[in-house]
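# Structural features, examined
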Amino acid sequence: MHVLAIIGQKGGSGKTTTALGVAVEACLAGRSVAVIDLDPQTTAANWSDRRGKEAPAVVSCQVSRLGQVLEAAAKGGADLAIIDTPGKSTDALIAASKAAGFVLMPIQPQLYDIETLGSLKDVLTLAGNPPAAVLVNRAPVQGKRHIETQEAATAQGFAVCPVVIFARAAHGDAGNIGQSATELDAKGKAAQEMAELYSYIAIAMKEGRHEEKHISRRA
Ligand SMILES: Nc1ncnc2c1ncn2[C@@H]1O[C@H](COP(=O)(O)OP(=O)(O)OP(=O)(O)O)[C@@H](O)[C@H]1O
Ligand SMILES: [Mg+2]
């Protein structure tokens, strides 16, 4: 089972939107997906309640239970576990990053978010430096802020996801009704960007650019 952690310290940077968007893409690609919601705000779990569908499975869990919940997901046949984290809990960010084979860090293209990259580097160090990439999310369609932000992250020594997720109303509208932007408008730009993001993650996993965590399904 592959484990993807979505981390970030800034509230509202798009961790949950990314986790759920990627989860739905993976389901559409035929994967069995478990989203593990470490956030006491339970945004992902509430989304799943509104959704009323079995896939992706969303489990709300405390940080201290992450290992057991990942084992259960693997035993239950999940191909991919996606961990959504609460920005305010460094413990949760470290635990999720330690458990993950690949870590994605969504940030908005603004200084307030870029300033948090230093502490995210510390989190990754404490987690043993798993493969990780910064994702620019909610970028204004006009202007070059996304490129400047990618350059700022690169200058700080981070790998940067080449796919940019732009600010699109479909993300919020879809979340309100327990869907992803892709489900709301499969031909829209938000859907296209999320599909590209999933391809990037899937290729990184396939090419072994991240280490697969060997959590046995039969353990
Ligand atoms: N690319 C985007 N385009 C438009 N709106 C977005 C985008 N990404 C996120 N949003 C909106 O921004 C808000 C915050 O997003 P989200 O809840 O995913 O952030 P978060 O990092 O999980 O926040 P928290 O730290 O509170 O858990 C939501 O209303 C969401 O719909
Ligand atoms: Mg969230």
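Residues numbered from 1 in each chain as written. Chains lettered and ligands numbered in written order. Predicted model: local features only at pLDDT ≥ 70, side-chain atom pairs only at ≥ 80, totals over all residues.

## Observations concerning the pairing of strand β4 (residues 80-84)
Within β4, five of the five residues are buried, which leaves the element mostly enclosed by the surrounding structure. Looking at chain direction, strand β1 (residues 2-6) and β4 are connected through five bridges and run parallel. Within β4, the residue paired with His-2 across the bridge is Leu-80. Taken together, the five bridges between strand β2 (residues 33-37) and β4 define a ladder with parallel strand orientation. Within β4, the position partnered with Val-35 by the bridge is Ile-82. (Buried ≥ 20, exposed ≤ 12 C-beta atoms within 10 Å, placed from the backbone. Helix = DSSP H or I, 4+ residues; strand = E, 2+ residues; numbered from the N terminus. Pairing = 2+ DSSP bridges.)

## Brief notes about the site of ligand 1
As a structural note, the neighbourhood of ligand 1 is formed by 19 residues, with Gly-14, Lys-15, Thr-16, Thr-17 and Gly-172 the closest of them. Those elements giving two or more residues to the shell around ligand 1 turn out to be α1 (15-28), β6 (132-139) and α8 (169-176). Classifying every residue of the shell around ligand 1 gives two nonpolar, 13 polar and four charged. (Near = placed C-beta within 6 Å. Nonpolar A, V, L, I, M, F, W, Y, C, P; charged D, E, K, R; others polar.)

## Comments concerning unusual backbone geometry
A cis amide bond, omega -5°, links Ala-55 with the succeeding residue Pro-56. Looking at the element boundaries, Pro-56 is found in the loop between α2 (43-51) and β3 (57-60). Even without glycine at this site, Thr-42 takes up a positive phi of about 50°. Along the chain, Thr-42 turns up in the loop between β2 and α2. Among the residues examined, Thr-42 registers 17 C-beta atoms within 10 Å and is labelled partly exposed. Phi at Arg-138 is positive, roughly 60°, even though this residue is not glycine. Mapped onto the fold, Arg-138 is located in strand β6. Judged by local crowding, Arg-138 falls into the buried class, with 21 C-beta atoms found within 10 Å.

## Quick word on the pairing of β6
Most of β6 sits inside the fold, with eight of its eight residues counted as buried. Here five bridges tie strand β5 (residues 102-107) to β6, and the two strands are oriented parallel to one another. Paired with Met-105 across the bridge in β6 is Val-134. The pairing of β6 with strand β7 (residues 165-166) spans two bridges and is classified as parallel. Following the sheet pairing, Asn-137 is matched in β7 by Ile-165. Once the chain exits β6 it traverses helix α7 (residues 145-155) before rejoining the sheet at β7, and the crossover so formed is right-handed. (Right-handed = clockwise from strand over helix to strand, strands pointing away.)

## What about the packing of α1 against α2?
Running from amino to carboxyl end, α1 crosses α2 at an angle of 45°, the nearest separation of the two axes being 10 Å. Taken together, α1 and α2 sit at an angle that is classed as oblique. Between α1 and α2 lies a crossing of right-handed hand. From α1, Thr-16, Ala-19 and Leu-20 reach across to α2, where they touch Thr-43, Ala-44 and Trp-47. Of the residues in the contact of α1 with α2, the class split is four nonpolar, two polar and no charged. (Axes fitted to C-alpha atoms, helices over the stretch in contact; angles between N-to-C directions. Parallel < 35°, antiparallel > 145°, perpendicular 65-115°, else oblique. Left-handed = near helix turned anticlockwise from the far one by under 90°. Contact = placed C-beta atoms within 7 Å.)

## Some remarks on α7
Those residues of α7 that fall on the buried side of the exposure criterion are Thr-149, Gln-150, Ala-152 and Ala-153. Along the axis of α7, the buried residues cluster in a sector spanning 160°; they form a single face. Facing away from the buried side of α7, by more than 90 degrees, are the exposed residues Glu-151, Thr-154 and Ala-155. Its buried side turned inward, α7 meets β5, α5 (111-114), α6 (117-126) and β6. Just past α7, the residue Gly-157 takes up positive phi, approximately 90°. (Arc of directions from axis to C-beta.)

## Notes on the environment of Val-103
Looking at the secondary structure, you find Val-103 in strand β5. Separated by 100 residues in sequence, Val-103 and Val-3 place their C-alpha atoms 8.6 Å apart. When sequence neighbours within four positions are dropped, the list of residues in contact with Val-103 reads Ala-5, Ile-7, Ser-97, Leu-124, Pro-130 and Ala-132.

Taken by themselves, the reported measurements are silent on function.
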